Amino acid sequence: MEADGTLRPPTGREAGDGVVQSSASKALAVLEVLSRSQDATVGVSEVAAEIGVPKSTAHRLLKTLEQHGFVGRTGIRYRVGGSLFELAEAALWSEYGELREVAPKPLNWLFERSEAIAVHLAVLSGPSVLYLDKVTRPAGTRLPSRVGGRFPATCTALGKAMLAFSPPPLVHGILDRPMPRATPYSVVHRRQFVDQLRTAAQAGYAVEREESCQGTLCVAAPVLRHGKAVAAVSLCVPTRGLGRAADQRLGSFGRLAVEAAGQIRELLPAS
């Protein structure tokens, strides 16, 4: 704006910055479409429709991302490229490197002693849990978890274990949103969920029965620092076969999860 109050046209640098920002936003939107796709690949028309640009623009964005390795191509369809995985791995290490570095031994300890189909290490990321590590048997591949992936925190034992030992404002911020239903058994009522958090805080571990994946039961314990959860570990077992000894076995699973979480806490550098 000039001194007399009239608008002046943007300088070349300012106009250029706007173009760069616009192009960057569109490129990020393309990557979001690829990451959300239910299929392994997407076509140019799908990308164009999703981000609201002409096909020619979508094609140009995809080609640019492909040149930098963030997008790969199979025939005429596109998929996530290797550079994106490398970037995601680097991001995980940069923020959660200490946790991932010390976790393998405790996770393997838990895996061997619990005979679980899978054990996990995760942190809270907004309303979701972010999986940092996973040890699994073949049966554990059906679980909706993968390293670097996310899942609604309220549907998981991991999320419950961390929220039970989190500041109230953080818990309220998550529970003020509609609670997702991953399976018919997911808890979607705030009062019931708060009761579960209270039980988890008293026991030191949380339980999830078929709320994230039907046919499985998960038990998780928080990794605590100064009384607050910084991560959690979980073990998952099939519900079939637990039988009448389910409650007794839950207690055993809970103690194992608490022990593994304690091992991780002890291995973390002092802060």
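Residue positions are given per chain, counting from 1 as you read along its sequence in written order. pLDDT decides what is reported in this predicted model: residues at 70 or higher carry local features, side-chain atom pairs at 80 or more are listed and counted, and totals for whole chains, interfaces and linings draw on all residues regardless. Where side-chain values are given, they derive from all heavy atoms of the structure, hydrogens and water being excluded.

### Describing the sheet that holds strand β8 (residues 228-238)
Step number 1: By definition, two strands form a pair when at least two bridges between them are found by DSSP. Here a helix means four or more residues in a row that DSSP labels H or I, a strand means two or more in a row labelled E, and each is numbered from the N terminus. Spatial ordering of the open sheet is given by β5-β4-β3-β8-β7-β6, a layout of six strands whose pairing is antiparallel. Whereas interior strands pair on both sides, the edge strands pair on one side only; in this sheet they are β5 (150-152) and β6 (206-209). On average, each strand axis in the sheet is tilted by 30° relative to the strand beside it, whichever way the strands run.
Step number 2: Alignment of strand β3 (residues 118-125) against β8, held across five bridges, turns out to be antiparallel. Residue Leu121 lies in a different strand from β8, and its bridge partner there is Val233.
Step number 3: Running over the sheet, helix α5 (residues 104-114) touches β3, β4 (128-136) and β8 and is turned about 135° from β3. Fitted lines through C-alpha atoms give the axes, limited to the stretch in contact for helices. The angle between two N-to-C directions lies from 0 to 180 degrees. Any two residues having at least one pair of non-hydrogen atoms within 4.5 Å are treated as being in contact.

### A closer look at the packing of helix α2 (residues 44-51) against helix α3 (residues 55-67)
Describing two packed helices takes the angle between their axes plus the distance from one axis to the other.
Step number 1: α3 packs onto α2 with a crossing angle of 110° between their chain directions and a minimal axis gap of 8 Å. Classified by the interaxial angle, the pair formed by α2 and α3 is roughly perpendicular. On α3, the residues touching Val44, Ser45, Val47, Ala48 and Ile51 of α2 are Lys55, Ala58, His59, Leu61 and Leu62.
Step number 2: In this classification, the charged set is Asp, Glu, Lys and Arg, the nonpolar set is Ala, Val, Leu, Ile, Met, Phe, Trp, Tyr, Cys and Pro, and all remaining amino acids, among them Gly, are polar. Class assignment for the residues of the contact of α2 with α3 results in seven nonpolar, two polar and one charged. Here is the rule for angles: anything less than 35 degrees is roughly parallel, anything more than 145 is roughly antiparallel, 65 through 115 is roughly perpendicular, and the remaining ranges are oblique.

### Describing empty space enclosed by the protein
Step number 1: Cavities and pockets are found on a 1 Å grid laid over the protein atoms alone: a cavity is a set of points where a 1.4 Å probe fits but cannot escape, a pocket is an open set with protein on both sides within 12 Å along at least five of seven lines, and a lining residue has an atom within 4 Å of such a point. Grid points are joined across faces, edges and corners, and a volume is the space filled by probe spheres set on the points. For the structure shown, the criterion picks out one cavity of 30 Å³ or more.
Step number 2: Approximately 100 Å³ is the volume attributed to the largest cavity.
Step number 3: In terms of residue class, the lining of the largest cavity is made up of seven nonpolar, five polar and one charged.

### Notes on the pattern of salt bridges
Step number 1: Only one rule defines a salt bridge in this text: a Lys or Arg side-chain nitrogen within 4 Å of an Asp or Glu carboxyl oxygen. In total, this model carries seven salt bridges according to the counting rule given.
Step number 2: The partner of Glu66 in a salt bridge is Arg73, with the nearest N and O atoms 3.4 Å apart.
Step number 3: Take Glu66: its relative accessible area is 22%, and that puts it in the partly exposed class.
Step number 4: With a 1.4 Å probe rolled over the protein chains alone, any residue whose accessible area is under 20% of its type maximum counts as buried; one over 50% counts as exposed, and the rest are partly exposed. Classification of Arg73 by relative accessible area gives partly exposed; the value is 39%.
Step number 5: Put simply, Asp176 and Arg190 hold a salt bridge, and the shortest N to O gap is 2.8 Å. On the criterion of sequence distance, the pair formed by Asp176 in the loop between α7 (168-175) and α8 (190-203) and Arg190 in helix α8 is long-range, its members being 14 residues apart.
Step number 6: Residue Asp176 is classed as exposed on the basis of its relative accessible area of 57%.
Step number 7: Put simply, Lys63, Glu66 and Arg73 are held in one network by salt bridges that share partners.

### Some remarks on the state of the cysteines
Think of a disulfide as a covalent bridge from one cysteine sulfur atom to another cysteine sulfur atom.
Step number 1: When two cysteine sulfur atoms lie within 2.5 Å, the pair is treated as a disulfide. One pass over the full model with this rule turns up one disulfide.
Step number 2: No disulfide involves Cys213; its sulfur sits 8.0 Å from the nearest other cysteine sulfur, which is in Cys218.

### Here we look at the nonpolar core
Step number 1: Core analysis: the biggest nonpolar cluster contains 34 residues, and Leu99, Val119, Leu121, Val219, Leu235 and Ile264 have the highest contact counts within it.
Step number 2: Elements represented by at least two residues in this core include exactly α4 (82-102), α5, β3, β4, β7 (216-225), β8 and α9 (246-267).
Step number 3: Broken down by element, the residue count for this core peaks at seven residues, all from α9.
Step number 4: Leaving out residues up to four positions away in the same chain, Ile264 has contacts with Leu99, Val102, Ala103, Pro106, Leu121, Val223 and Val233.
Step number 5: Of all hydrophobic cores here, the second largest spans 30 residues; its members include Leu143, Ala153, Val187 and Ala200. Residues grouped as a nonpolar core are buried Ala, Val, Leu, Ile, Met, Phe, Trp, Tyr and Cys residues, joined through side-chain atoms within 4.5 Å.

### A short note on the layout of surface pockets
Step number 1: In this structure, the second largest pocket occupies an estimated 190 Å³ of space.
Step number 2: Every residue lining the second largest pocket is counted, 11 residues in all, and those nearest its centre are Ser23, Ala24, Lys26, Arg60 and Leu61.
Step number 3: Broken down by secondary-structure element, the contributors of at least two residues to the lining of the second largest pocket are α1 (12-36) and α3.
Step number 4: Per-element tally for the lining of the second largest pocket: the top contributor is α1, with six residues.
Step number 5: When the residues that make up the lining of the second largest pocket are grouped by side-chain class, the tally is five nonpolar, four polar and two charged.

### So, α5
Step number 1: Regarding α5, the residues found buried are Pro106, Leu107, Trp109, Leu110, Phe111 and Ser114.
Step number 2: The first or second residue beyond α5 is Glu115, which carries a positive phi of 55°.

### Some points on the pairing of β3
Step number 1: Counting buried residues along β3, six of its eight residues qualify, which places the element largely inside the surrounding structure.
Step number 2: Sheet topology places β3 next to β4; eight bridges connect them, and they run antiparallel. Bridge assignment links Leu121 to a residue of β4, and that residue is Asp133.
Step number 3: The turn joining β3 and β4, which pair antiparallel and follow one another in sequence, is formed by two residues; a positive phi near 65° is taken by Gly126.

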